[in-house]
Amino acid sequence: MERNAWRKSSRSGSNGQCVEVRDRAAAVDVRDSTAPNTGMLSFEPAAWDAFVDSVKGDTCRP
C-alpha cells in the first residue's frame with residue numbers, strides 16, 4: 001500500500017458502501033469514502049494487520 005495516500009478497499013462493495021484506507025507508517029486510517037470529511041478511525045499497524053488477517057481467514061464471527 002502506498003504511504004499516505006487514500007485508496008478504496010478491495011473489499012468495498014458495488015452498492016455504494018465504500019471504505020478507504022491510508023497507510024501513514026505510524027498508523028493506518030480508515031474512512032467512509034461517501035463522507036470523507038466526517039472523520040476517520042486510526043489503528044496501530046499491528047492491530048490493523050491482525051484485523052485484516054482475521055477477516056481474510058473469516059475468524060471474525062459473533
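Our structure is the block above this text.
In this text, all values refer to a predicted model and were calculated from it rather than measured experimentally.

**Description of the pattern of salt bridges**
One pass over the structure, following the stated rule, counts 3 salt bridges. A salt bridge links Arg22 to Asp29; its shortest N-O distance comes to 2.8 Å. Residue Asp29 is classed as buried on the basis of its relative accessible area of 0%. Through salt bridges with shared partners, a single network forms among Arg22, Arg24 and Asp29.

**Some details on the pairing of strand S2 (residues 19-23)**
The element S2 is extensively covered by neighbouring structure, given that 4 of its 5 residues are classed as buried. With 5 bridges joining them, S2 and strand S3 (residues 28-32) adopt antiparallel strand pairing. Across the sheet, Arg22 pairs through a bridge with Asp29, a residue of S3. Counted along the chain from S2 to the antiparallel partner S3, the turn is 4 residues long, and its residue Ala25 has a positive phi close to 70°.

**Quick look at the environment of Trp6**
Following the sequence through the fold, Trp6 ends up in the segment before strand S1 (7-8). Judged by its relative accessible area of 24%, Trp6 falls in the partly exposed class. With 16 residues separating them in the primary sequence, Trp6 and Arg22 have C-alpha atoms 4.6 Å apart.

Reading guide: rules and limits
Along each chain, residue indices are assigned from 1 in the same order as the chain's sequence is written. Where local features are concerned, this predicted model is filtered to residues with pLDDT of at least 70; where side-chain atom pairs are given and counted, the filter is 80 or more; whole-chain, interface and lining totals use all residues. Note that water and hydrogens are dropped before the side-chain values are worked out from all heavy atoms of the structure. For this analysis, a salt bridge means a side-chain nitrogen from Lys or Arg found within 4 Å of a carboxyl oxygen belonging to Asp or Glu. For every residue, the accessible area obtained with a 1.4 Å probe (protein chains only) is divided by the maximum for its type, and the residue is called buried under 20%, exposed over 50%, and partly exposed between those limits. Numbering of helices and strands runs from the N terminus, with a helix taken as a DSSP run of H or I at least four residues long and a strand as a DSSP run of E at least two residues long. Strands pair, by our definition, only if DSSP identifies at least two bridges between them.

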